[in-house]
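# Tertiary structure, described
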Amino acid sequence: MKVNYRDTYIGMALVLSSLLGFANTGTIHTIDAFPIAITTNKTTNLIFPYEIQSVDRGSREVLVQKAKGVENILQLKAAKKDMKETNLTVITTDGKLYSFLLNYNPNPVALNYSFGKRDISEVAFSSEKNNEGILKKYSEIALGKKKKLRGVKDKGHGIKLRLIGLYVKDNVMYYRFHIENNSDIRYDIDQLRFFVRDRKKAKRTTYQELEVEPLYIYKDTDKVEGQSEQTLVVALPKQTMSNQKYLAVQLMEENGGRHLELKIKNSKLMRATVL
């Protein structure tokens, strides 16, 4: 086979020219890897100003996870002592790349690193999750509010269940319930459940029922002693509904028949007080 040396030389010259031209433009930059020491019995936290998009570790000897329920904190540990030097690459949702050089140290000087403008204590919670501390805070506020809601109650066999307050903050609604046990027999709570239901079942249509899971229950309890009462706050996802539906609240007694149910219409939901 005959080799065309002229074409080969021309091709090599073009490639070399392109590389030299690319280098002369000054568009090639290096990103220095930030050194971090990690160990086996302590967690190192990396706090980024934006949510983490992707993570790549150079070795399995590094244990990596995002903090539970949080999108901008990465937690690191060494899988074994005397881990070999390796690297870690993190890309955040603002398109920024972070490069780290990881080494083993039995006693790291620092355990928490904050990058960018976000304060070291500031975290970005996942949009799919709620911060329990925030839910508790506003549940406490809802419990202490003087304004009450009337007209939503059910009672029987000495037990009374009432909705006495309804509040809203951002995407959460806080329901304040009051349970009274006017009997001498302790009321053991089996379950407290919430459903969105159709008000009327039309002919030849499917009856719909959707259970709503509480986000948080403040002053949660499993019993109400005889001749006593309890007040609790339940945080549910914010919602309104058509006039053809209502929110059902079921309070069920364990090993008993003193079951109660509240029907909360949309007109009541619309009266929620902003916290």
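Shown above is the structure to which this text applies.
Conventions we followed
Residues numbered from 1 in each chain as written. Predicted model: local features only at pLDDT ≥ 70, side-chain atom pairs only at ≥ 80, totals over all residues. Heavy atoms only, no water. Pairing = 2+ DSSP bridges. Helix = DSSP H or I, 4+ residues; strand = E, 2+ residues; numbered from the N terminus. Axes fitted to C-alpha atoms, helices over the stretch in contact; angles between N-to-C directions. Expected span 1.5 Å × (residues − 1). Contact = heavy atoms within 4.5 Å. Core = buried A, V, L, I, M, F, W, Y, C linked by side-chain atoms within 4.5 Å. Buried < 20%, exposed > 50% of the residue type's maximum accessible area, 1.4 Å probe, protein only.

The next thing to look at is the sheet that holds strand E2 (residues 44-47). Read from one edge of the open sheet, four strands run E4-E5-E2-E8, paired in mixed fashion. On the outer flanks of this sheet lie strand E4 (62-66) and strand E8 (112-114), each paired with one strand and no other. Within this sheet the neighbouring strands show an average axis-to-axis angle of 20°, counted without direction. With five bridges joining them, E4 and strand E5 (residues 73-78) adopt antiparallel strand pairing. Bridging from a neighbouring strand, Gln 65 pairs with Gln 75 of E5.

On to helix H2 (residues 132-144). Along its 13 residues, H2 runs 18 Å from first to last C-alpha, staying within 8% of the 18 Å computed at 1.5 Å per residue. Residues of H2 that are buried sit in contact with strand E10 (159-169), strand E11 (172-181), strand E14 (216-218) and strand E16 (228-237).

Okay, the nonpolar core next. Counting 29 residues, the largest nonpolar core has Leu 163, Tyr 175, Phe 177, Phe 194, Leu 247 and Ile 264 as its most contacted members. The set of elements that each furnish at least two residues to this core consists of E10, E11, strand E12 (187-198), E16, strand E17 (245-253) and strand E18 (260-265). Examining the composition of this core, we find that five residues originate from one element, E10, more than from any other. Those residues in contact with Phe 177, other than ones at most four positions away along the chain, are Leu 161, Arg 162, Leu 163, Phe 194, Gln 230, Thr 231, Leu 232, Val 234, Val 249 and Leu 262. Listed in part, the 18 residues of the second largest apolar core include Ala 78, Phe 100, Leu 102 and Phe 115.

A separate point is the environment of Gln 239. Within the secondary structure, Gln 239 is located in the loop between E16 and E17. Residue classification places Gln 239 among the buried positions, given a relative accessible area of 17%. Each C-alpha atom, one on Gln 239 and one on Val 168, is 9.8 Å from the other, the two residues being 71 residues apart in sequence.

A separate point is the environment of Val 90. Here Val 90 lies in strand E6 (residues 86-92). With relative accessibility at 0%, the residue Val 90 sits in the buried group. It is 9.6 Å that separates the C-alpha atoms of Val 90 and Phe 48, two residues lying 42 residues apart in sequence.

Moving on, we get to the sheet that holds strand E3 (residues 52-57). What the four strands build is an open sheet, ordered E1-E7-E6-E3; its pairing is mixed. Two strands bound the open sheet, and with one partner strand each, they are strand E1 (34-38) and E3. Neighbour-to-neighbour, the strand axes of this sheet turn through a mean angle of 25°, independent of strand direction. As paired strands, E1 and strand E7 (residues 97-104) are joined by five bridges and run parallel to one another. Counted as the bridge partner of Pro 35 is Leu 101 from E7.

In this model, His 157 sits at a positive phi of 55°, which is unusual for a non-glycine residue. Tracing the sequence through the fold places His 157 in the loop between strand E9 (153-156) and E10. For Lys 219, which is not glycine, the phi dihedral falls at a positive 65°. With respect to the helices and strands, the residue Lys 219 is situated in the loop between E14 and strand E15 (223-224). For Lys 219, a relative accessible area of 46% puts it in the partly exposed group.

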